[in-house]
Amino acid sequence: MRPSLEIRNLHVSIDDKEILSGVNLAIKGGEVHAIMGPNGTGKSTLASTLMGHPRYQVTEGEILIDGQNIVGMKPDQRARLGLFLAMQYPQELSGVTTGNFLRTAVMSLHPEHPMPVLEFHKLLTEKMKLLDIEPNFAQRYLNEGFSGGEKKRNEILQMAVLAPRLAVLDEIDSGLDIDAVKIVANGVNTLLSENMGVMIITHYERILRYVRPHFVHILLGGKVAVSGGPELADELEARGYDWIKTEADPALAE
Amino acid sequence: MAQTLVHNAYVEACRKRGEPAWLVGRRADAWQAASDLALPKLEKTIIERWGLEKVLPGTAPTEGTPLSRDSKAGASLVTVNGWEQDAHIDQALRTQGVLLMSLERAVAEHPEIVEPYLLTRPLAPDHLLAALHRTYLQGGHLLYVPAGVEIDLPVEMVSALGGQDAYPHTLVVLERGARATLVHTELSIDESPIGVNSAVEAYLGEGAFLRYAVVQKLASQVRAFQPRLAHLDRDARIEWIVVQAGGGRVVTTNQTLLEGEGASAESYAVFLGAGHQILDFQTKMNHLASHTTSDIDSKGVMTDEAKAAYTGFTEIRKGAHGCASWQKEKTLMLSDSCRVDLIPALWIYDDDVQKAGHAAAAGQVNPEQLYYLMSRGIRQKDALLLLVTGFLATILDRIPLAQIRDQIAELAKETIAR
Ligand SMILES: Nc1ncnc2c1ncn2[C@@H]1O[C@H](COP(=O)(O)OP(=O)(O)O)[C@@H](O)[C@H]1O
Ligand SMILES: [Mg+2]
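Parameters and conventions
- Residues numbered from 1 in each chain as written.
- Chains lettered and ligands numbered in written order.
- Predicted model: local features only at pLDDT ≥ 70, side-chain atom pairs only at ≥ 80, totals over all residues.
- Heavy atoms only, no water.
- Donors = N, O, S within 2.8 Å, 3.2 Å for Na, K, Ca; no water.
- Helix = DSSP H or I, 4+ residues; strand = E, 2+ residues; numbered from the N terminus.
- Buried < 20%, exposed > 50% of the residue type's maximum accessible area, 1.4 Å probe, protein only.
- Phe/Tyr/Trp six-rings, centres within 6.5 Å; stacked < 30°, edge-to-face > 60°.
- Lys NZ or Arg CZ within 6 Å of the ring centre and 35° of its normal.
- Salt bridge = Lys/Arg side-chain N within 4 Å of Asp/Glu carboxyl O.
- Polar contact = N/O pair within 3.5 Å; in protein donor to acceptor, adjacent residues only side chain to side chain.
- Contact = heavy atoms within 4.5 Å.
- Expected span 1.5 Å × (residues − 1).
- Pairing = 2+ DSSP bridges.
- Axes fitted to C-alpha atoms, helices over the stretch in contact; angles between N-to-C directions.
- Near = heavy atom within 4 Å.
- Areas by Shrake-Rupley, 256 points an atom, 1.4 Å probe, with all protein chains shown as cover.
- Buried area = accessible area lost by both parts, 1.4 Å probe.

Student: Honestly, the coordination of the magnesium ion (ligand 2) in this entry has me stumped. Any pointers?
Tutor: Reference values for angles at a metal are 109.5 degrees in the four-donor tetrahedral case and 90 or 180 degrees in the six-donor octahedral case. Residues and elements named next belong to chain A. Every protein donor of the magnesium ion (ligand 2) is accounted for by Ser-44 (OG) and Gln-88 (OE1), and the metal-donor separations fall at 2.1 to 2.2 Å. Placement of Ser-44 in helix H1 (residues 43-51) and of Gln-88 in the loop between strand S6 (83-86) and helix H3 (98-109) is noted, with a sequence separation of 44 residues between them. Taking relative accessible area as the criterion, Gln-88 reaches 18% and is therefore assigned buried.

Rendered as structure tokens:
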């Protein structure tokens, strides 16, 4: 079945402060959606809410994966439905190797088909090669002492190994030099198919030159203020966000 | 009064079994002293109602259910309530004079080795429980490694307890330059709520090396007092690996007396607490001679309603120059209702110290880390296990015995799953 993510009238609060106030979005397998917006507008809030971070409270609305409402589900359940979030700030975990962690994740996602160790290592090696990652990476403790760029690559490596149906990439390009952006973008493009929908969150259009989005949405004032095709990203690059505040919703303009 | 009757009957039984006069005499002296002694005063744990002073020795050998031993070990010994059930020692080791047998047999067959050590030194600061151990010690183990003999493979010792109170005593003697690794497992053969007063005494001669790994996984209703004590002669070295997971109410001290110049001790300890377990765990290093070093690294994982008081104690005695010591203790608390008191103590009486210090920290699971793991599809229990494994890694990395690392992982899993 072609994956589908639908966000309906989503309201989200942190500590009783409303950050998102009625977000609507629909993503299907094979599509790349870019979510853009200035810093602090709630992009990461949206991503974390999708994944089920316990701090973010959904006060209204629905999140549907293949038609099933996932609000209230634990993050691991969501992951098992095929959702994946490449986090803006990945955690460091001392004492747990990246390889061991990923293997545990693969086992958790597919308990009915436990992957033999050798097969897992083959998969891991192949994906590390795709992303131009050093072989010793898997033996290092998860993100511990990783540079910003290495952490981001590790997020994409995890995506590549776990093969999600719906991937949300939160600021995956920040902290990467241009070569690394290309490698990561190439990784995403290689994995993209009818069986995977992608949401790329960025406040910076650079990565969108390498992963062309089918749709661009601008998050402002807790809502999707404007949606359009890839040309919208170019327009943002040229004109910034202020024009949207006036054109799309005069109430947002100061 | 009742105690005295039991006591007299017990001593009589010992005499009847043909115990040598020196041992009966040592028991009698300890009993004499006991009447003036009180329970140990512990800083954070109230043991007055545990009934440890009422623990009594059994009077007859236990017929054990056969326990399997590790067939790969060059030497292994299984006891049930201190009585020898199975002992095996490779011919090569035997020829070199290595002894591994129950203490009972050692007392009868090798008094020349046992008598100079057994109960010749205080077990702990003088208190009632130590005196009772000296009075009643029954059965147990002897590992003896003659001078210069090196045992490559770990020596296995299994101490199985159940059905009755127990007073097993483990004596380890490594003569000058001897080397050995001893893996000592303490387990229950049933769920009986027994009392245990077990002690370990190790004597390391000049330049000897002992890696002593103990895995205590007694049943959850067991009350236990468990002093473990090592005496180190000049340039001797001990590496403790203490895994303290079992028992319902447990007091344990793990003490190294650095008596000879240049002696050194490392201690890696893992304690695990779940359910309603109460644990008082002490690691003690006494620098009694110059240029001695000690290093303590302890980690605890607690959950449910479990309570632990952990004391890291280092003493550098006046006149012991140029010593170095370090202690680290860290706990991870998985529940809101567990409790840990960390009590680091440094007593430095000499002015010429090379290094001394401590670091203590009690922490909880980082919810962001848990979320990160779960976001990859890992179930909460498995995610916690990964976090616990990661937490223990600095200690696991120091343990060269895969079987112990696996056991810790297994016990950690049980702790989380409870
Ligand atoms: N964990 C948090 N605690 C408190 N406030 C938060 C937290 N996360 C985000 N916010 C607030 O929510 C708003 C949106 O933040 P965020 O979703 O991170 O924006 P973006 O990703 O678009 O930069 C900001 O005002 C930010 O300060
Ligand atoms: Mg953000």
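So that's the structure; there's more coming.
Student: Where do I start with the packing of aromatic side chains in this structure?
Tutor: The geometry of an aromatic ring pair comes down to the distance between the two centres and the angle between the two planes. All names here are of chain B. On inspection of all chains with the given rule, the structure shows 11 aromatic pairs over all chains. Aromatic side chains Tyr-136 and Tyr-167 sit 5.5 Å apart centroid to centroid with 65° between the ring planes, which places their arrangement in the edge-to-face category. Highlighted residues: Tyr-136 in helix H6 (residues 128-136) and Tyr-167 in the loop between strand S5 (155-161) and strand S6 (169-174), separated in sequence by 31 residues. In this pair, the class of Tyr-136 matches that of Tyr-167, namely buried. Taking the centre distance of 5.6 Å and the plane angle of 10° together, the rings of Phe-271 and Tyr-310 count as stacked. One end of the pair, Phe-271, is in strand S14 (residues 264-273); the other, Tyr-310, is in strand S17 (residues 307-316), with 39 residues separating them in the sequence. Residue class for Phe-271 comes out buried when judged on its relative accessible area of 1%. Of note, Lys-284 hangs over the ring of Phe-313, and the distance from its end group to the ring centre comes to 5.5 Å. Over the aromatic face of Phe-391 sits the side chain of Lys-299, whose NZ or CZ is 4.9 Å from the ring centroid.

Student: Help me understand the pattern of salt bridges in this model?
Tutor: Side chains that differ in sign of charge can pair as their charged atoms come close. With the rule as written, the count across this model stands at 30 salt bridges over all chains. Ionic pairing is found between Glu-12 of chain B and Arg-15 of chain B, a salt bridge with its closest N-O pair at 4.0 Å. Of this pair, Glu-12 of chain B and Arg-15 of chain B are both found in helix H1 (residues 2-16), three residues apart, which corresponds to roughly one turn of the helix. Through salt bridges with shared partners, a single ionic network connects Arg-2, Glu-31 and Glu-194 of chain A.

Student: Help me understand the side chain of Thr-49 of chain A in this model?
Tutor: All names here are of chain A. Relative to the helices and strands, Thr-49 resides in helix H1. Looking at Thr-49, its side chain comes within polar contact range of the main-chain oxygen of Thr-45, at 2.6 Å. Ignoring sequence-local partners within four residues, the contact set of Thr-49 consists of Leu-10, Val-12, Tyr-56, Val-58, Ile-63 and Arg-78.

Student: Could you clarify how one ought to interpret H3 of chain A in this entry?
Tutor: In an α-helix, one turn spans 3.6 residues; hence positions three or four apart end up facing the same way. The end-to-end C-alpha separation of H3 of chain A is 16 Å, in line with the 16 Å expected for 12 residues at 1.5 Å each. Across the 12 residues that make up H3 of chain A, a large majority, nine, are buried. Looking at the buried residues of H3 of chain A, the elements they touch are helix H2 (75-80), helix H4 (117-130) and helix H5 (148-162) of chain A together with helix H7 (367-374) and helix H8 (380-396) of chain B.

Student: For this particular structure, what's the right way to read the sheet that holds strand S1 (residues 4-14) of chain A?
Tutor: All names here are of chain A. Overall, antiparallel pairing links the four strands, which are arranged S2-S1-S4-S5 in an open sheet. Looking along the sheet, the strands with just one partner apiece sit at the ends: strand S2 (17-28) and strand S5 (68-69). In this sheet, S2 lies alongside S1 in antiparallel orientation, the contact comprising nine bridges. If you follow Ser-13 over to S2, its bridge partner there is Glu-18. The sheet contacts of H1 involve S1, S2 and strand S4 (56-65), and relative to S1 the element is tilted by about 110°.

Student: What is the right way to look at helix H2 (residues 21-34) of chain B in this model?
Tutor: With 14 residues, H2 of chain B should cover 20 Å at 1.5 Å per step; its first-to-last C-alpha distance of 20 Å lies within 8% of that length. Those residues of H2 of chain B that sit buried are Trp-22, Leu-23, Val-24, Arg-26, Arg-27, Ala-30, Trp-31 and Ala-34 of chain B.

Student: Help me out: how do you make sense of the sheet that holds strand S10 (residues 223-228) of chain A in this one?
Tutor: Hydrogen bonds between backbone groups are what pair the strands of a sheet, and the pairing can be parallel or antiparallel. Residues and elements named next belong to chain A. With mixed pairing, six strands are arranged side by side in an open sheet as S6-S7-S8-S3-S9-S10. Either end of the sheet is taken by a strand with one partner, and the two such strands are S6 and S10. Direction aside, the axes of adjacent strands within the sheet are offset by 20° on average. Both strand S3 (residues 32-36) and strand S9 (residues 215-220) contribute to a ladder of four bridges, which runs parallel. The residue of S9 that forms the bridge with Met-36 is Ile-218.

Student: Whenever I open this one, the site of ligand 1 confuses me. Can you help?
Tutor: Residue and element names in this part refer to chain A. Inspection of the region around ligand 1 gives 13 residues, with Gly-40, Gly-42, Lys-43, Ser-44 and Thr-45 positioned closest. Within the backbone of Lys-43, an N or O atom sits 2.8 Å from an oxygen atom of ligand 1. Interatomic distance of 3.4 Å between a side-chain N/O atom of Tyr-56 and a nitrogen atom of ligand 1. Taken by itself ligand 1 offers 550 Å² of open surface, and the protein chains cover 66% of this. Broken down by secondary-structure element, the contributors of at least two residues to the shell around ligand 1 are S2 and H1. The leading source of residues in the shell around ligand 1 is H1, at three residues.

Student: Got a minute to help me understand the interface of chain B and chain A in this structure?
Tutor: When the parts of a complex come together, some accessible area is lost, and that lost area is often used as the size of the interface. Each side of the interface is counted separately: chain B has 19 residues, and chain A has 34 residues. Here chain B and chain A share an interface that buries about 2,200 Å² over both sides, 61% of which is from carbon and sulfur atoms. For chain B, the biggest contributors to the area lost against chain A are Tyr-371, Tyr-372 and Arg-376 of chain B; these three give 39% of the whole. Of the charged contacts, one joins Glu-155 of chain A and Arg-376 of chain B as a salt bridge, the two residues approaching to 2.7 Å between their closest N and O atoms. Summed over the shared surface of chain B and chain A, the result is 11 residue pairs in polar contact (both at pLDDT 80 or more). Elements supplying a minimum of two residues to the side of chain B that touches chain A: H7 and H8 of chain B.

Keep in mind that these numbers describe shape and distance, not what the molecule does.
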